[in-house]
Amino acid sequence: EEDHALIDLGGVRNRVSLALVENVAPGDYVIVHTGFAIARLDVEEAEKTLALFAEIADAIGEPPDAVYPRIP
């Protein structure tokens, strides 16, 4: 649907609403909260954020996807 997207975070796919963010295109990175995309990130910022999640996981001895926020 026009106002929804399928997102992938660490291999987990979820359907989210795009009602709060304009001009989102396939391949864009978004911040998601409670099933809504609330902001679009540029690629550099998104990659930095994902790298930080990976560092946190490594520091606590967990796989990278263990520290990703999950959408229930």
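Since the model is a prediction, treat every value here as computed from it, not as a measurement.

Another aspect to go through is the overall build of the chain. Counting its secondary structure elements, the chain contains 1 helix and 4 strands. The N-to-C order of helical and strand elements in the chain reads β-β-β-β-α. Relative to its 72 residues, the chain shows a buried fraction of 17%. Considering only residue pairs separated by 6 or more positions, the chain has 16% of its internal contacts joining residues 24 or more positions apart. When the accessible surface of the chain is summed, it comes to about 5300 Å², and 54% of that surface belongs to carbon and sulfur atoms.

Turning to a nonpolar patch on the surface, a few remarks are in order. Nonpolar side chains collect at one region of the surface, where L20, I31, F36 and I38 lie side by side and expose about 360 Å² of accessible area between them. With respect to the element layout, I31 can be found in strand β3 (residues 29–33).

Below, the discussion takes up the pairing of β3. Put simply, side chains in a regular strand alternate between the two faces of the sheet. Note: β3 against strand β4 (residues 36–41), 5 bridges, orientation antiparallel. Paired with I31 across the two strands is A39, which belongs to β4. Between β3 and β4, which follow one another and run antiparallel, lie 2 residues, and T34 among them has a positive phi close to 45°.

By the element assignment, S17 lies in strand β2 (residues 12–17). Judged by relative accessible area, S17 falls into the buried class, the value being 7%. Of note is the side chain of S17, whose polar atom sits 3.1 Å from the backbone nitrogen of A19.

Let us now look at the pairing of strand β1 (residues 4–9). In the sheet, β1 pairs with β2 via 6 bridges, with the strands oriented antiparallel. Within β2, the position partnered with L6 by the bridge is R15. Counted between consecutive antiparallel strands, the loop separating β1 from β2 contains 2 residues, among which G10 sits at a positive phi close to 60°.

This brings us to the confidence of the model for the chain. Per-residue pLDDT for the chain has a mean of 86; in total, 86% of the residues score no lower than 70. Confidence scores differ between elements of the chain, with helix α1 (residues 43–59) showing the lowest mean pLDDT of 88 and β4 the highest of 95.

What counts as what
- Residues numbered from 1 in each chain as written.
- Predicted model: local features only at pLDDT ≥ 70, side-chain atom pairs only at ≥ 80, totals over all residues.
- Heavy atoms only, no water.
- Helix = DSSP H or I, 4+ residues; strand = E, 2+ residues; numbered from the N terminus.
- Buried < 20%, exposed > 50% of the residue type's maximum accessible area, 1.4 Å probe, protein only.
- Contact = heavy atoms within 4.5 Å.
- Areas by Shrake-Rupley, 256 points an atom, 1.4 Å probe, with all protein chains shown as cover.
- Patch = residues over 30% accessible without salt bridge, like charges linked within 9 Å, V, L, I, M, F, W, Y side chains within 5 Å.
- Salt bridge = Lys/Arg side-chain N within 4 Å of Asp/Glu carboxyl O.
- Pairing = 2+ DSSP bridges.
- Polar contact = N/O pair within 3.5 Å; in protein donor to acceptor, adjacent residues only side chain to side chain.
- pLDDT = per-residue confidence, 0-100.

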